[in-house]
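Below, each chain spelled out in residue letters.
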Amino acid sequence: MSLMRPSSPHTHSASSISSTSSVMRTVVLATLPGLIALTHFFGVGSILNLLLAIIFCLGFETLALKLRKKPVLFYLGDYSALVTAILLALAVPPYAPWWLIATGSFFAIVVAKHLYGGLGFNPFNPAMVGYVVLLISFPVEMTQWRIPAIEGLGYLPLLDSLNAIFAGAHLDGFTSATPLDAIKHNQGLTVEDLYATHSAFQSAKIAGTGWEWVNIGFLVGGLYLLYQKVFTWHAPVGMLAALFILPVFFYDGGSSASAGSPFFHLFSGATMLGAFFIITDPVTSATSTLGRLIYGAAIGALVFIIRVWGNYPDAVAFAVLLMNFAAPFIDYYTVPRTYGHERAQSALRKEDEH
Amino acid sequence: MRKIFDFHGGIHPPENKHQSTQGGIESIALPKELIIPLNQHVGAAADPVVETGQHVLKGQLIAEAHGFVSANIHAPTSGHIRAIELRTANHASGMAVLSIVLEPDGEDRWIELESCDQPETLDAQAIIAKVRAAGLAGMGGAGFPTSVKLGGKDIQTLILNAAECEPYITADDILLRHYAAEVLAGAQLLARVFPRLESILIGIEDNKPEAIASLEHALAAQPNTGNTLAIEIVVVPTKYPSGGEKQLIQLLTGKEVPSGKIPAAIGIVMQNVATARAAWRAVRYGEPLISRITTVVGKALKKQGNIEVLIGTPIAHVLSERGFRETESERVVVGGPMMGWAIEDTLAPVVKATNCLLLPSKEELPAAPPEQACIRCGLCAEACPAELLPQQLYWYARAEDQEKLRAYNIFDCIECGACSYVCPSSIPLVQYYRAAKGTIRQAEKDKRKSDQARLRFEARQERIAKAEAEKEAKRLERKKAAEEAKRKLAEKQAAEKSASAYSATESAKDSTKDSAKKDAGEPDMKAIKSEMVKEALAAAAAKKSAQQDDSSEAEKELKRLQRGLSSAESRLERARATLLKNQEEGADATRLDTLAARVKEAEQKVNDARKKLEAAQ
């Protein structure tokens, strides 16, 4: 008989999210609709981003694990580096030069994750750290979004794509302002006129050419994850609700100074990617359901504030990192009421205050 | 219909109940020996009342409850007591406990039982006494002495627990299918113990339709005497851990047992259905608790099912009777897959609380995969029935941050295992919490100990400081007195020198005053000196007499001892005198204590000396 004395419980859940690897695999799968939408509108660039990011992230992960003398295959098997790679690749503009992805991957995997102790110990979302480092360091490269392939304008030929990525060929003439840029820098046009004239809103219904579909893609993926119970509804609902309610107060019906309609904010930029794939990263978010609701709502509010009054057109990454800071603080005040206790208590309670 | 409340979290593991409900209640052959631990219950171990070699009858008392929270133990069959010794316990630790080893004689002859034809005439005290005499302890798994639970004063609700939420276990299910009437009779019996009782509920999960039907049938057939409370069968949705005491109370009443308290604090008492039936049999037929229904299940067995097992039957015997294939199995679990514990030594016996023996094959319940990093996904918090944050507890358990563990209410964890069950990183969370709880308890114990030691040390320091201060004060006083005397002497000499005609009477007065002062300052010294003189005299006297007749070596030795005795006696006398004097003078307590201790010591020495002398004579 074996000498191991296993402790209870002796059985384990066999559901589709019964292991960390399967959780991560499910997340990877759920990014597909968004990725397809991105590829449909912006060409093969996102997929090339993805391949590069996977190569660099897994490479850095392997290197870091080797340096830390950890079993490489066992840790690669949790697919967390793969998820980081995908999220970074989806956030970076398509056809970005290869070194941009490499730098982002390095900061995401080595600095934000392994220097803090690896998976589970990182206080900041690795993909967002990578993204923000790039955005601050290389603002030009990070804001060049290709014109969506619509209405006569075709995809960038593959050779040109590779040139842009590996040889540094400029995409001038093929890039344009994103809808968020357009609204931000709008001068003198009512929102209605802007939608009618600006190329970013060509044939768009809600929130800009292509972008509304990309957001719908990520929304679909997110709902799938919710259905699979990979996370609870609290953080995404908190963020989306805040991002819907705040514009209600500040949207004046579409004047030239308008901040964009509630639906515009819900379906443009990285809103849905953020709501379902970034802020739901459990490692860096608050822990209780109430905490996650507050955490999500605060991110939603920050995104709106930075989008409207800040210097950057989009703000998901900044909002997420700011709230990563605040997550432990939220945790202290949102400990749920335990069975048999009169009321919930703050975890800052001192021993002698029983 | 009663409103069914819900409890937070919970899980739905595969039930695996059908394997053991196909047959009825089966029996197995008598084992070669029964190992009956003296502590099968929560509380103090029972005291054996039989001797090795003695023949006992089935049902005969073999160990008596030790104190209030304890339980009697009876012989499960007739036979000879072969030993009362340490044997492997049915416990996760595998430690050895004192057990009575009984060799059956094969006759299975009962002792004469005291039955009661009209249990409805018994009063509460009589019922409790009979339950206590029969050695009942909770049969649902915890093994708390039943009679203690029946002592609750202000109980309004009696709940019988038939939820049996753990996968695989069907002992209560089968019991209800066969003995529902006895369970109900037991419920009515226990109800009479509580004068303020308002309701009797039986909580059962909806995955046991046969047992529910059997209960309903028995309830319809129960004679309605009019003066008894109606029993209500409450069917609750299947969800683990609905059978946990706190969870079932929440399901049936919506109330929560306050943290750190027992259900009696909110007027509720809960008994397992098997315990209720045992209580009925104990009162009605005088039958002690010597056997129980145990589910023996798992794919490593040839035959699975429920068995009526004698308490004390070695698990190995049960397994061999059911065709256990050791090579296919990886662990022997006592209890269910969620809360049971793996044992190494199958010679451990079945005890009063053993409701299941689980022998899974390797494929059935595979070993846990290696632990991965916690990603704080929160699935554990969603599953936790106590609404804790298991992921936070895990971090703090790893960091050994006891203050935070307490702030996150680690002691409200019921160790149901729901968090570990859902954990995608296969972290053995419950094990972390058990270890952390143990560490905290140990730390508390150590702290109490060190607190006491610190108090003692501080008191001692204070005592020493006080004694030093007193000494110092006395020394100063003496010094002052001496200086005064010196000064007086010098003055006197100077006076004598300068004015020889100075009045002689005046100086004489001064010196008497001075000596009086000295006496008042050192009463002890003087007394001690006189005592010492006395002692010396006594010793000298003894020596003298010894010198007078030193005829032989033996006598010399005798004389020496006599001398020792007399000197010890005089020392004792002296110590007593000092103590008495100090008492009269009202010296402070610590000083008196020291003196009293000295007297004791002296007494001891006198006794020693006297003994030595007697031995020599």
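Per chain, residues are indexed from 1 in the order of the written sequence. Note on labels: chains are lettered from A, ligands numbered from 1, in written order. In keeping with the predicted nature of the model, local features appear solely for residues at pLDDT of at least 70, side-chain atom pairs appear and are counted solely at 80 or more, and the whole-chain, interface and lining totals rest on all residues. Working from all heavy atoms in the structure, the side-chain values ignore hydrogens and water.

### Remarks on the overall build of chain A
- Looking only at helices and strands, one finds 17 helices and two strands in chain A.
- For chain A, the exposed area adds up to about 15100 Å²; of that, 68% sits on carbon and sulfur atoms. A run of H or I in DSSP counts as a helix once it spans at least four residues, and a run of E counts as a strand once it spans at least two, with each numbered from the N terminus. Reported accessibility uses the Shrake-Rupley method at a 1.4 Å probe radius. Residues are deemed covered only where the shown protein chains occlude them.

### Some points on the sheet that holds strand β9 (residues 157-161) of chain B
All names here are of chain B.
- Strand order in the open sheet made by the four strands is β11-β10-β9-β12, with parallel pairing throughout. Each edge of the sheet is formed by a strand with only one pairing partner; in this case those strands are β11 (231-236) and β12 (268-272). Taking each pair of neighbouring strands and ignoring which way they run, the sheet shows an average axis angle of 25°.
- Two strands pair when backbone bridges link them, and strand β10 (residues 199-205) and β11 are joined in this way by six bridges, in the parallel orientation. Of the residues in β11, the one forming a bridge with I200 is I231.
- Here, residues are in contact when the closest pair of their heavy atoms is within 4.5 Å. Under this scheme, a helix contributes an axis fitted over its contacting stretch, all axes are lines through C-alpha atoms, and angles between N-to-C directions fall in the 0 to 180 degree range. Contacting β9, β10, β11 and β12, helix α3 (residues 171-191) crosses the sheet at an angle of about 165° to β9.
- With respect to the sheet, helix α5 (residues 245-253) is in contact with β9, β10, β11 and β12, its orientation differing from that of β9 by roughly 120°. A pair of strands counts as paired when DSSP detects no fewer than two bridges linking them.

### Things to note about the interface of chain B and chain A
- Each side of the interface is counted separately: chain B has 64 residues, and chain A has 49 residues.
- When two components associate, each loses some accessible surface as probed by a 1.4 Å sphere; the sum of these losses over both components is called the buried area. Taken together, both faces of the contact between chain B and chain A bury some 4800 Å²; the carbon and sulfur share is 53%.
- A per-residue breakdown of the area chain B buries against chain A is headed by E344(B), I375(B) and R376(B), which together make up 14% of the total.
- By salt bridge we mean one thing: a side-chain nitrogen of Lys or Arg within 4 Å of a carboxyl oxygen of Asp or Glu. Where chain B touches chain A, the interface holds two salt bridges.
- For R376(B), the salt bridge is made with D331(A), and the minimal N-O distance between the two is 3.9 Å.
- Sorting the residues of the side of chain B that touches chain A by element identifies α5, β15 (332-334), β16 (341-343), α8 (379-383), α9 (390-399), α10 (402-407), α11 (418-422) and α12 (429-498) of chain B as the ones contributing at least two each.
- Polar here means any residue other than Ala, Val, Leu, Ile, Met, Phe, Trp, Tyr, Cys and Pro, which are nonpolar, and Asp, Glu, Lys and Arg, which are charged; Gly is therefore polar. Across the side of chain B that touches chain A, the residue classes break down as 31 nonpolar, 16 polar and 17 charged.

### Topic: helix α15 (residues 271-278) of chain A
- Relative accessibility under 20% of the residue-type maximum defines a buried residue, over 50% an exposed one, and the middle range a partly exposed one, all with a 1.4 Å probe and only protein chains included. For α15(A), the buried fraction is high: eight of the eight residues fall into the buried class.
- For α15(A), the complete set of buried residues consists of T271(A), M272(A), L273(A), G274(A), A275(A), F276(A), F277(A) and I278(A).

### So, helix α5 (residues 80-91) of chain A
Residues and elements named next belong to chain A.
- Here, expected helix span is obtained from the residue count minus one, scaled by 1.5 Å. In a regular helix each residue adds 1.5 Å, so twelve residues correspond to 16 Å; α5 covers 17 Å between its end C-alpha atoms and thus fits that length.
- Burial runs high along α5: twelve of the twelve residues are buried.
- Among all positions of α5, only S80, A81, L82, V83, T84, A85, I86, L87, L88, A89, L90 and A91 are buried.

### Considering the state of the cysteines
Residues and elements named next belong to chain B.
- Disulfides are defined as cysteine sulfur pairs within 2.5 Å. Per the stated rule, a full pass over the model turns up zero disulfides over all chains.
- Looking at the unpaired C380, the closest cysteine sulfur is the one in C377, lying at 5.9 Å.
- For C380, a relative accessible area of 8% corresponds to the buried category.

### Regarding the pattern of salt bridges
Residue and element names in this part refer to chain B.
- Scanning the entire structure with this criterion turns up 37 salt bridges over all chains.
- Measuring nitrogen to oxygen at the nearest pair gives 2.6 Å for the salt bridge that ties R82 to E103. Of the two residues, R82 sits in strand β7 (residues 79-88) while E103 sits in strand β8 (residues 96-104), which places them 21 residues apart along the sequence.
- Between K208 and E205 there is a salt bridge whose closest N-O contact spans 4.0 Å.
- The class for E205 is buried, based on a relative accessible area of 1%.

### Topic: the packing of helix α6 (residues 98-113) of chain A against helix α7 (residues 126-137) of chain A
Residue and element names in this part refer to chain A.
- Axis separation between α6 and α7 bottoms out at 8 Å; the angle between their running directions is 135°. On the basis of their axis angle, the class for α6 and α7 is oblique. Of the two possible hands of crossing, α6 and α7 adopt the one that is right-handed. For the pair α6 and α7, contact is made by L100, T103, G104, F107, A108, A112 and K113 and by P126, A127, V129, G130, V133 and L134, respectively.
- The residue inventory of the contact of α6 with α7, partitioned by class, reads nine nonpolar, three polar and one charged. When describing relative orientation, an angle under 35 degrees is termed roughly parallel and one over 145 degrees roughly antiparallel, while 65 to 115 degrees is termed roughly perpendicular and anything else oblique. Helix crossings get a hand from a simple test, with the near helix turned counterclockwise from the far one by less than a right angle marking a left-handed crossing and a clockwise turn marking a right-handed one.

### A short note on empty space enclosed by the protein
All names here are of chain A.
- Think of a 1 Å grid over the protein atoms and nothing else: a 1.4 Å probe that fits but is trapped marks a cavity, an open set flanked by protein within 12 Å on at least five of seven lines marks a pocket, and residues with an atom within 4 Å of a point count as lining. Grid points are joined across faces, edges and corners, and a volume is the space filled by probe spheres set on the points. For the coordinates displayed, the defined rule picks out ten cavities of 30 Å³ or more.
- The volume enclosed by the largest cavity comes to roughly 450 Å³.
- As for the largest cavity, its lining consists of 29 residues, and the residues nearest its centre are A91, Y131, W145, A270 and D314.
- Those elements that place two or more of their residues in the lining of the largest cavity are α5, α7, α10 (179-184), α12 (211-227), α15 and α17 (316-333).

### A few points about the nonpolar core
- Here, nonpolar core means buried Ala, Val, Leu, Ile, Met, Phe, Trp, Tyr and Cys residues that are tied together by side-chain atoms lying within 4.5 Å of each other. V92(A), Y131(A), F277(A), Y295(A) and I299(A) are the most contacted members of the largest nonpolar core, which has 104 residues in total.
- Excluding residues that lie within four positions of it along the chain, V92(A) makes contacts with N49(A), L100(A), I101(A), Y131(A), L134(A), M142(A) and W145(A).
- In terms of nonpolar packing, the next biggest core, distinct from the first, is built from 45 residues, V131(B), L197(B), I200(B) and L289(B) among them.

### Looking at the environment of W309(A)
Residue and element names in this part refer to chain A.
- Relative to the helices and strands, W309 is located in helix α16 (residues 289-309).
- By relative accessible area, which is 51% here, W309 ends up exposed.
- As for W309 and K184, which are separated by 125 residues in sequence, their C-alpha atoms are 8.9 Å apart.
- Setting aside residues no more than four positions away along its own chain, W309 makes contact with F250 and F304.

### With respect to the sheet that holds strand β1 (residues 25-27) of chain B
Residues and elements named next belong to chain B.
- Taken together, the six strands give an open sheet; going across it, the order is β1-β14-β13-β17-β15-β16, and neighbouring strands pair in mixed fashion. Of all the strands in the sheet, the pair left with one neighbour each is β1 and β16. Recorded for the sheet is a direction-independent mean angle of 35° between the axes of neighbouring strands.
- Alignment of strand β13 (residues 291-297) against strand β14 (residues 305-310), held across six bridges, turns out to be antiparallel. Bridge assignment links V296 to a residue of β14, and that residue is G305.
- Seen against the sheet, α3 touches β1, β13 and β14 and runs at an angle of roughly 125° to β13.

### Examining the domain arrangement of chain A
Residues and elements named next belong to chain A.
- Domains are outlined according to an automatic or database domain assignment. By the assigned domains, chain A splits into domain 1 (17-176) and domain 2 (178-332).
- The C-alpha centroid of domain 2 is placed 20 Å from the C-alpha centroid of domain 1.
- Contacts between the two partners involve 35 residues from domain 1, matched on the other side by 31 residues from domain 2.
- Per-residue buried area on domain 1 facing domain 2 is highest for F124, N125 and M128; these three make up 17% of the total on that side.
- Counting every contact that joins domain 1 to domain 2 gives zero salt bridges.
- Contributions of two or more residues to the side of domain 1 that touches domain 2 are made by α1 (20-30), α2 (32-42), α5 and α7.
- The residue inventory of the side of domain 1 that touches domain 2, partitioned by class, reads 27 nonpolar, seven polar and one charged.

### Observations regarding the confidence of the model for chain B
- What pLDDT conveys is the predictor's confidence in a given residue, as a value from 0 to 100. For chain B, the mean per-residue pLDDT works out to 88, and 92% of the residues sit at or above 70.
- This model gives residues 517-521 of chain B a pLDDT under 50, and the stretch forms two contacts once residues within four places in sequence are excluded.

### What to know about the pairing of β13(B)
Residues and elements named next belong to chain B.
- Extensive coverage of β13 is indicated by the burial of seven of its seven residues.
- Burial along β13 is two-sided: S291, I293, T295 and V297 and R292, T294 and V296, pointing in opposite directions, are all buried.
- Note: β13 against strand β17 (residues 356-358), three bridges, orientation parallel. Bridging from a neighbouring strand, V296 pairs with L357 of β17.

### Quick notes on a nonpolar patch on the surface
Residue and element names in this part refer to chain A.
- Patch building starts from residues that exceed 30% relative accessible area and form no salt bridge, then joins like charges within 9 Å and nonpolar side chains (Val, Leu, Ile, Met, Phe, Trp, Tyr) within 5 Å. Residues I245, V248, F249, F250, I305 and W309 make up a contiguous nonpolar surface patch of roughly 640 Å² in combined accessible area.
- Residue assignment for the nonpolar patch shows that the elements contributing at least two residues are α13 (234-250) and α16.
- With four residues, the single largest contributor to the nonpolar patch is α13.

### Quick notes on the side chain of K352(B)
Residues and elements named next belong to chain B.
- The topology assignment puts K352 in the loop between β16 and β17.
- Counted as positive: Lys and Arg. Counted as negative: Asp and Glu. His and the chain ends are not counted at all. Here K352 sits buried without a salt bridge, and the closest side chain of opposite charge, E64, lies 13 Å off (N-O distance).
- For the purposes of these results, a polar contact is taken to be a pair of N or O atoms within 3.5 Å, where, inside protein, one atom must be able to donate a hydrogen and its partner to accept one; residues adjacent in sequence count only when each atom of the pair is a side-chain atom. There is a polar contact of 2.8 Å between the side chain of K352 and the backbone oxygen of G135.
- In contact with K352, other than residues within four places in its own chain, are Q40, A71, N72, I73, G135, A137, M139, L289, R292 and I311.

### A few points about unusual backbone geometry
- In this structure, P9(A) follows S8(A) across a cis peptide bond, with omega equal to -5°.
- Residue placement: P9(A) occurs in the segment before α1.
- Y240(B) connects to P241(B) through a cis peptide bond whose omega is 0°.
- By the secondary structure assignment, P241(B) is in the loop between β11 and α5.
- Even without being a glycine, Y168(B) presents a positive backbone phi close to 75°.
- Position of Y168(B) among the secondary structure elements: in the loop between β9 and α3.

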